[in-house]
Amino acid sequence: MSDRDSNTKQEQSGGLLARLRRPSKKSLGGLLAVGFVIGILFWGGFNTAMEATNTETFCISCHEMHDNVYQEYKTTIHYSNRTGVRAVCSDCHVPKDWTYKMIRKIQASREVWGKITGSISTPEKFEAKRLELARREWARMKSVDSRECRNCHSLESMNTEVQKQRARKQHELALEDKMTCIDCHKGIAHTKPQGMTDEDEM
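Below or above, wherever it landed, is the structure these notes cover. (Residues numbered from 1 in each chain as written. Predicted model: local features only at pLDDT ≥ 70, side-chain atom pairs only at ≥ 80, totals over all residues. Heavy atoms only, no water.)

1. Some details on the nonpolar core
And step 1. If you look at the biggest cluster of nonpolar residues, it comprises 6 residues: Leu 131, Ala 134, Trp 138, Met 141, Ile 182 and Met 196.
And step 2. When residues of this core are assigned to their parent elements, the largest contribution, 4 residues, is made by helix α9 (residues 123–143).
And step 3. Not counting chain neighbours up to four residues away, the residues in contact with Ile 182 comprise Trp 138, Met 141, Lys 142 and Ser 146. (Core = buried A, V, L, I, M, F, W, Y, C linked by side-chain atoms within 4.5 Å. Buried < 20%, exposed > 50% of the residue type's maximum accessible area, 1.4 Å probe, protein only. Helix = DSSP H or I, 4+ residues; strand = E, 2+ residues; numbered from the N terminus. Contact = heavy atoms within 4.5 Å.)

2. Notes on the environment of Lys 105
And step 1. Along the chain, Lys 105 turns up in helix α7 (residues 98–107).
And step 2. For Lys 105, the contacting residues outside a window of four places in its chain are Met 50, Thr 53, Asn 54 and Val 94.

3. A word on the packing of aromatic side chains
Aromatic ring pairs are reported here in terms of the distance separating the ring centres and the angle at which the planes meet.
And step 1. Tallied over the full model, the rule gives 6 aromatic pairs.
And step 2. Between Phe 42 and Phe 46, the ring centres sit 6.1 Å apart and the planes meet at 20°, which makes this aromatic pair stacked. In this pair, Phe 42 and Phe 46 are both assigned in helix α3 (residues 25–52), 4 residues apart and thus about one turn of the helix distant.
And step 3. Residue Phe 42 is classed as exposed on the basis of its relative accessible area of 56%.
And step 4. The exposure class of Phe 46 is partly exposed, given its relative accessible area of 26%.
And step 5. The interplanar angle of 85° and the centroid separation of 6.3 Å between the aromatic rings of Tyr 70 and Tyr 79 together place this pair among those described as edge-to-face.
And step 6. Among the residues examined, Tyr 70 registers a relative accessible area of 10% and is labelled buried.
And step 7. Among the aromatic residues, those joined into a cluster by ring pairs are Phe 42, Trp 43, Phe 46 and Trp 98.
And step 8. Looking at Lys 186, its charged tip hangs above the ring of Trp 138, at a distance of 5.4 Å from the centre. (Phe/Tyr/Trp six-rings, centres within 6.5 Å; stacked < 30°, edge-to-face > 60°. Lys NZ or Arg CZ within 6 Å of the ring centre and 35° of its normal.)

Honestly, that's just the spatial picture; any functional story needs more than this.
Spelled out as structure tokens, the structure:
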């Protein structure tokens with residue numbers, strides 16, 4: 001029996017395994033094409049889901065948000081103003097940059113856990129936890145130099161000449177002292193929690 005006959009018998013007996021060890025160019029091309037299409041579908045689906053979780057409708061879909069902070073937000077300038085520009089939840093609470101957005105979404109899993117366990121399921125429970133939640137968000141915003149605020153606002157771009165005297169002075173001081181938006185604007189879109197300390201106000 002020749003070596004060629006021996007190899008043919010091994011290929012026939014190995015069948016699929018032998019073919020997988022030495023795939024044809026067509027099968028490699030087909031595999032790459034299928035993988036490419038699956039990758040596009042996965043990436044498209046993933047991004048669609050990410051964007052869906054950034055909508056105001058999604059944010060207020062649970063009663064904890066709808067019945068508490070959303071009702072407060074509706075009375076603020078970020079909801080209704082003379083220019084008709086509205087900042088929705090994700091504009092202030094979710095970064096635009098993809099990397100930071102993913103980090104924030106992972107952090108938000110803690111909020112999902114709070115929903116599952118019911119830690120803020122009633123107005124009373126929410127109020128009891130409001131200061132803790134606010135402090136966590138203020139710390140996050142301060143740590144990133146109020147990045148989400150700066151998507152729309154910039155001290156460098158403000159025309160302080162047309163601001164009221166008090167606002168002009170505060171913004172000029174903030175620019176000199178390298179302060180960040182959240183240092184002065186706690187409570188801009190939500191009611192300030194009870195029990196805040198002098199340190200919270202700084």
